[in-house]
Amino acid sequence: MSKNLVLTGMMGAGKSTIGKSLAKKLSYTFIDIDKKIEKKEGCKINLIFKKKGENYFRRIENNITLDELKKQKSVISLGGGAFLNTSIRKKVKSSSISFWLDVELNELVKRLRKSKKRPLLVKNNLKETIKKIYLERKKTYNEADFRIKCSFLKPDKIVRKILILYEKSGD
């Protein structure tokens, strides 16, 4: 199989955790786009948002993501908003097998309640903010090749499910 495996979905969906495990099982390189951006910029994403704004962040995210998608034998964890970018989405569709890690709103709220590093979350109304972002992105996330409902599954079960679909899609 030469196509990359790409994970998309909301912040807190488990893209990094699942991605690392998938990469290990496939003997692929794991690429966390958010970590790549932080390394390049020398600071955390919430600081990039604060200092330079979301538009700047999205430009950097676009360039780094498109670059990383050129590589082979990679499991790539996209940032929560990356798949909304048309050029990223087109490149993912042409070069990769993509999986939407879909997690129910209540579970996302639970997972994100203590997060200090999510720039788009308005803390005083967390559930409403997450719901708004989820509803805005759901239709686009649905363009991924596969949707994995993750809310009540353990990470190893999610990984197994993805591996089966990924390997079948390579036939």
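As a further point, take the environment of Asn62. Relative to the helices and strands, Asn62 resides in helix 3 (residues 45-68). Here the alpha-carbon distance between Asn62 and Ile130, two residues 68 residues apart in the chain, equals 23 Å. If we skip the residues at most four places from it in the chain, Asn62 touches Asn85, Ser87 and Ile88.

Before going further, it helps to spend a moment on the pairing of strand 4 (residues 96-102). Within strand 4, seven of the seven residues are buried, leaving the element largely enclosed by the surrounding structure. Neither face of strand 4 is left uncovered, since the one carrying Ser96, Ser98, Trp100 and Asp102 and the one carrying Ile97, Phe99 and Leu101 both have all their residues buried. Bridging between strand 1 (residues 4-8) and strand 4 involves five bridges; their strand directions are parallel. Bridge assignment links Leu7 to a residue of strand 4, and that residue is Phe99. With four bridges joining them, strand 4 and strand 5 (residues 146-149) adopt parallel strand pairing.

Before going further, it helps to examine the side chain of Asp102. Within the fold, Asp102 resides in strand 4. Taking relative accessible area as the criterion, Asp102 reaches 6% and is therefore assigned buried. Among the polar contacts listed, one links the side chain of Asp102 to the side chain of Tyr134, at a separation of 2.9 Å. Setting aside its immediate chain neighbours within four residues, Asp102 contacts Tyr134, Arg147, Ile148, Lys149, Cys150 and Ser151.

Rules used in this analysis
Residues numbered from 1 in each chain as written. Predicted model: local features only at pLDDT ≥ 70, side-chain atom pairs only at ≥ 80, totals over all residues. Heavy atoms only, no water. Helix = DSSP H or I, 4+ residues; strand = E, 2+ residues; numbered from the N terminus. Contact = heavy atoms within 4.5 Å. Buried < 20%, exposed > 50% of the residue type's maximum accessible area, 1.4 Å probe, protein only. Pairing = 2+ DSSP bridges. Polar contact = N/O pair within 3.5 Å; in protein donor to acceptor, adjacent residues only side chain to side chain.

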